[in-house]
Amino acid sequence: QVQLLESGGGLVQTGGSLRLSCVGSGRSFSTHAMAWFRQAPGKEREFVAVISRAGTTRHYADSVKGRFTISRDNAKNTVHLKMNSLNPEDTAVYYCAADLQIGLRLGILPNEYDYWGQGTQVTVSS
């Protein structure tokens, strides 16, 4: 129903910045909360950020709060993750995810999301 495709990953030095993008298909994009998760080798997939369907509410993991910014443009079916002050602990595959938002709840667990992109690699060197 919703197809997601991430882009913007790459290799950066500690302290650098990257801007990830995720484009979704379908006319129902604006009815979904959009989130970013990340997964490092040998670790569980973890929540990074989520934005509500209208973009009025945002939540961030403590580890990225103040450094990362999530935004969306429903007219373009796009969600972004601006990442500043990157450090090696941010190295992971970053995934875009979508969840049909019925009410006000914004999920932070991977199993709460039905639609996923294939991921984009972010590597931060020291």
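Preceding this paragraph is the structure being described.
Here the structure is a predicted model, which means the values were calculated and not measured. (Residues numbered from 1 in each chain as written. Predicted model: local features only at pLDDT ≥ 70, side-chain atom pairs only at ≥ 80, totals over all residues. Heavy atoms only, no water.)

*Asks:* Could you give an account of the sheet that holds strand E1 (residues 4-7), with specific residues and numbers?
*Replies:* Judged by pairing direction, the sheet is antiparallel, and its 4 strands sit side by side in the order E1-E3-E8-E7 without closing on themselves. If you trace the sheet from one side to the other, it starts and ends with E1 and strand E7 (68-73), each paired once. When the angles between neighbouring strand axes are averaged without regard to direction, this sheet yields 15°. Relative to strand E3 (residues 18-24), E1 runs antiparallel, the two being bridged by 4 bridges. Directly across from Glu6, in E3, lies its bridge partner Cys22. (Pairing = 2+ DSSP bridges. Helix = DSSP H or I, 4+ residues; strand = E, 2+ residues; numbered from the N terminus. Axes fitted to C-alpha atoms, helices over the stretch in contact; angles between N-to-C directions.)

*Asks:* I'd like a description of the pairing of strand E5 (residues 46-51), backed by residues and values.
*Replies:* By the criterion of burial, E5 is predominantly enclosed, with 5 of the 6 residues buried. Relative to E5, strand E4 (residues 32-39) is paired through 5 bridges, and the arrangement is antiparallel. Bridge assignment links Phe37 to a residue of E5, and that residue is Phe47. The pairing of E5 with strand E6 (residues 58-60) spans 3 bridges and is classified as antiparallel. Counterpart to Val50 in the pairing with E6 is His59. (Buried < 20%, exposed > 50% of the residue type's maximum accessible area, 1.4 Å probe, protein only.)

*Asks:* Could you give an account of the pattern of salt bridges, naming the residues involved and the relevant values?
*Replies:* Considering all chains together, one arrives at 4 salt bridges under this definition. Among the ionic pairs, Arg67 bridges to Asp90, the shortest N-O distance being 2.8 Å. Separated by 23 residues along the polypeptide, Arg67 in the loop between E6 and E7 and Asp90 in the loop between strand E8 (78-83) and strand E9 (92-100) bring together distant segments of the chain. Note on accessibility: Arg67 and Asp90 belong to one class, buried. For Arg105, the salt bridge identified is with Glu112, shortest N-O distance 2.1 Å. The class for Arg105 is exposed, based on a relative accessible area of 53%. Through salt bridges with shared partners, a single ionic network connects Arg38, Glu46, Arg67 and Asp90. (Salt bridge = Lys/Arg side-chain N within 4 Å of Asp/Glu carboxyl O.)

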